[in-house]
2 protein chains.
Amino acid sequence: MDSPCQKMDLEAVNSMNYEQFLDIFGNIIEKCPVITAAVWSRRPFLSFCEVEDRVSEFIESLPTSGKEGILRCHPDLAGREQASGMLTKESQEEQNQAGLTSLTSKERERMMLLNTEYKQKFGFPFVICAKMSNKDQIIKELTSRVQNHPSVELLKGIEEVKKICHLRMQDILCKGSPLPTKL
Amino acid sequence: MDSPCQKMDLEAVNSMNYEQFLDIFGNIIEKCPVITAAVWSRRPFLSFCEVEDRVSEFIESLPTSGKEGILRCHPDLAGREQASGMLTKESQEEQNQAGLTSLTSKERERMMLLNTEYKQKFGFPFVICAKMSNKDQIIKELTSRVQNHPSVELLKGIEEVKKICHLRMQDILCKGSPLPTKL
């Protein structure tokens, strides 16, 4: 079994058309439904782990600009999207869970300065798997990672994208979204 | 000059950070902001034509599954997204302009059957540059193209994606979106 609380049926997922597959898995990589859509071409999957592996494979097949592009699709933590209620529901949940929606104005300002410094240096946002963290740890990581070389941060950011993908998959499998009737 | 009514300043665009660039050009390829985000890495651009060339280059660098993925990010014409008001503003405008938002119920049903047939055969939606067409022409094309070999339709669909991108760029250039002050 791919997951401790797997409520989704692999056979049903393998029978999904691309629209159903995208409805369910379309945002496992933030704002990159094209990746999920590409991975549907590789069905049938032997396991849900294989779905993640194919996503990872696709990401790795991209040129550097494509990987940077994936990072640039991510919102800042406690940034403008959060402030204006424009986060995807997955990002909203992740930022909530890490305590990033209840910052003091001093913390918010600090976050903004650090995010700005990071983006100006690297040309992509600071990406971290927020669900596996909390605001103090995040600020520590941000302060530390902003010192890194750009090539290191590209690798690190993509690593975090994959962790986020894994947790989003887990959530979907545990919720066991409404399954289509056999096509 | 790239466009007859170019109101956007190339220098200002070349000075944009990736967030500003995405705010303006993020949906030139339907629901694929990752492509725009990747292309930002290639600045400064010598012309707006170069932006489109880089987009095309990026698309062509993708594996077949990636190109199929791009097509799968597109809505059906006169389909469920239109019916539920869930089209992007660009798609809404394009479908309006082609007369696809004012179909009779008979035409709508026919469209749905043809779209379903197409998707079942090819595993991606029928994509056409609707702004350069009208509902009768679209139905003709759909009826004709559904006969094609999958490899032909993949090429054709991507060709249409690039035409749509071109017209979306033209719209943006002609509107001359609010430019950022020099950074």
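An unreviewed UniProt entry lists chain A under the name 2-oxo-4-hydroxy-4-carboxy-5-ureidoimidazoline decarboxylase, from Eleutherodactylus coqui. Per UniProt, chain A has the following entry under Sequence similarities (unreviewed entry): "Belongs to the OHCU decarboxylase family." In UniProt, chain A has this text filed under Pathway (unreviewed entry): "Purine metabolism; urate degradation; (S)-allantoin from urate: step 3/3."

Participant: Explain the overall build of chain A to me, please; I cannot follow it from the model alone.
Facilitator: Secondary structure assignment for chain A yields 10 helices and 0 strands. Counting from the amino terminus, helix and strand elements in chain A follow one another as α-α-α-α-α-α-α-α-α-α. Expected size for 183 residues packed as a compact globule is a radius of gyration near 16 Å; at 17 Å, chain A falls within 12% of this value. Overall size of chain A, expressed as C-alpha extent along the three principal axes, is 55 × 35 × 25 Å. At a minimum sequence separation of 6, the contacts of chain A that also span at least 24 residues come to 70%. Carbon together with sulfur atoms contributes 54% to the accessible area of chain A, which is approximately 8600 Å² in total.

Participant: Looking at this structure, I do not really get unusual backbone geometry. What am I missing?
Facilitator: Among all residues except glycine, the phi angle is most often negative; among peptide bonds, the trans geometry is most common. Cis peptide bonds are those with omega within 30 degrees of zero, and the linkage from Arg43 of chain A to Pro44 of chain A qualifies with 5 degrees. Positionally, Pro44 of chain A belongs in the loop between α3 (33-39) and α4 (48-61). One non-glycine residue with positive phi stands out, namely Lys31 of chain A, at about 55 degrees. Relative to the elements of secondary structure, Lys31 of chain A occurs in the loop between α2 (18-25) and α3. Even without a glycine there, the phi angle at Ala78 of chain B is positive, about 50 degrees. The topology assignment puts Ala78 of chain B in the loop between α5 (64-72) and α6 (80-83).

Participant: Help me out: how do you make sense of helix α4 (residues 48-61) of chain B in this one?
Facilitator: In an α-helix, one turn spans 3.6 residues; hence positions three or four apart end up facing the same way. Look at α4 of chain B: 20 Å from first C-alpha to last across 14 residues, which is about the 20 Å you get at 1.5 Å a residue. Every buried residue of α4 of chain B is accounted for by Phe48, Glu50, Val51, Glu52, Val55, Phe58 and Ile59 of chain B. In this structure, the buried side of α4 of chain B is in contact with α5 (64-72) of chain A together with α1 (10-15), α2 (18-25), α3 (33-39), α5 and α10 (150-175) of chain B.

Participant: Honestly, the state of the cysteines in this entry has me stumped. Any pointers?
Facilitator: Here a disulfide denotes one covalent bond, and it connects the sulfur atoms of two cysteines. All names here are of chain A. What the rule picks out here adds up to 0 disulfides over all chains. Counting only cysteine sulfurs, Cys165 is the nearest neighbor of Cys49, a cysteine outside any disulfide, at a range of 11 Å. Note on Cys49: relative accessible area 40%, which makes it partly exposed.

Participant: Please explain the packing of aromatic side chains as it appears in this structure.
Facilitator: Given two aromatic rings, their pairing is described by the distance between the two centres and the angle made by the two planes. All names here are of chain A. Enumeration over the complete set of coordinates arrives at 14 aromatic pairs over all chains. Measuring from ring centre to ring centre gives 5.9 Å for Tyr18 and Trp40, while their planes differ by 75 degrees; the resulting arrangement is edge-to-face. Of the two residues, Tyr18 is situated in helix α2 and Trp40 in the loop between α3 and α4; the sequence distance between them amounts to 22 residues. Here Tyr18 matches Trp40 in class, with each residue buried.

Participant: Just checking my understanding: could you explain the relation of the copies chain A and chain B for this structure?
Facilitator: To go from the first copy of the chain to the second, apply a rotation about an axis and then a shift along the same axis. You can overlay chain A on chain B at an RMSD of 0.0 Å; the transform is a turn of 180 degrees with a shift of 0.0 Å along its axis. Look at the turn and shift together and you get a two-fold axis relating the two. Measuring from the rotation axis to each C-alpha of chain A, the shortest distance belongs to Cys32 of chain A, at 3.2 Å. Here 100% of the contact residues of chain A are again contact residues in chain B; the copies associate through an equivalent surface.

Participant: Mind showing me how you'd approach the interface of chain A and chain B here?
Facilitator: Interfaces are often sized by the amount of accessible area the parts lose when they come together. Counting residues at the interface gives 29 residues for chain A and 29 residues for chain B. Summed over both sides, the interface of chain A with chain B buries roughly 2200 Å², with 61% coming from carbon and sulfur. It is Tyr18, Val34 and Arg72 of chain A that lose the most area in chain A upon contact with chain B, and together they represent 27% of the buried surface on that side. At the boundary of chain A and chain B, one finds 6 salt bridges.

Participant: Help me understand the UniProt feature "domain: Oxo-4-hydroxy-4-carboxy-5-ureidoimidazoline decarboxylase" (unreviewed entry) in chain A in this model?
Facilitator: Look at the UniProt record and you will see "domain: Oxo-4-hydroxy-4-carboxy-5-ureidoimidazoline decarboxylase" (unreviewed entry) annotated at residues 14-170 of chain A. From the first C-alpha to the last, residues 14-170 of chain A spans 17 Å; its make-up is 66% helix and 0% strand.

Participant: What is the right way to read the confidence of the model for chain A from this model?
Facilitator: Low-pLDDT portions of the prediction should not be read for the details of their coordinates. The predicted model of chain A averages 94 in pLDDT, with 94% of residues at 70 or higher. Interface predicted TM-score (ipTM) for the complex: 0.94; the corresponding pTM is 0.94.

Participant: Which parts of the structure should I look at to understand the packing of helix α8 (residues 105-122) of chain B against helix α9 (residues 135-145) of chain B?
Facilitator: Residue and element names in this part refer to chain B. Running from N to C, α8 and α9 point in directions that differ by 30 degrees, and their axes come no closer than 10 Å. The angle between α8 and α9 falls in the class roughly parallel. Where α8 crosses over α9, the two elements pack in a sense that is left-handed. Of the residues in α9, those touching α8 at Glu107, Arg110, Met111, Leu114, Asn115, Tyr118 and Phe122 are Lys135, Ile138, Ile139, Leu142, Thr143 and Arg145. Residues that form the contact of α8 with α9 fall into these classes: 7 nonpolar, 2 polar and 4 charged.

How each quantity is defined
- Residues numbered from 1 in each chain as written.
- Chains lettered and ligands numbered in written order.
- Predicted model: local features only at pLDDT ≥ 70, side-chain atom pairs only at ≥ 80, totals over all residues.
- Heavy atoms only, no water.
- UniProt positions renumbered as here; feature names shortened; annotations may be inferred.
- Helix = DSSP H or I, 4+ residues; strand = E, 2+ residues; numbered from the N terminus.
- Rg over C-alpha atoms; globule rule 2.2 N^0.38 Å.
- Contact = heavy atoms within 4.5 Å.
- Areas by Shrake-Rupley, 256 points an atom, 1.4 Å probe, with all protein chains shown as cover.
- Expected span 1.5 Å × (residues − 1).
- Buried < 20%, exposed > 50% of the residue type's maximum accessible area, 1.4 Å probe, protein only.
- Disulfide = S-S within 2.5 Å.
- Phe/Tyr/Trp six-rings, centres within 6.5 Å; stacked < 30°, edge-to-face > 60°.
- Least-squares fit on C-alpha atoms with pLDDT ≥ 70 in both.
- Buried area = accessible area lost by both parts, 1.4 Å probe.
- Salt bridge = Lys/Arg side-chain N within 4 Å of Asp/Glu carboxyl O.
- pLDDT = per-residue confidence, 0-100.
- Axes fitted to C-alpha atoms, helices over the stretch in contact; angles between N-to-C directions.
- Parallel < 35°, antiparallel > 145°, perpendicular 65-115°, else oblique.
- Left-handed = near helix turned anticlockwise from the far one by under 90°.
- Nonpolar A, V, L, I, M, F, W, Y, C, P; charged D, E, K, R; others polar.

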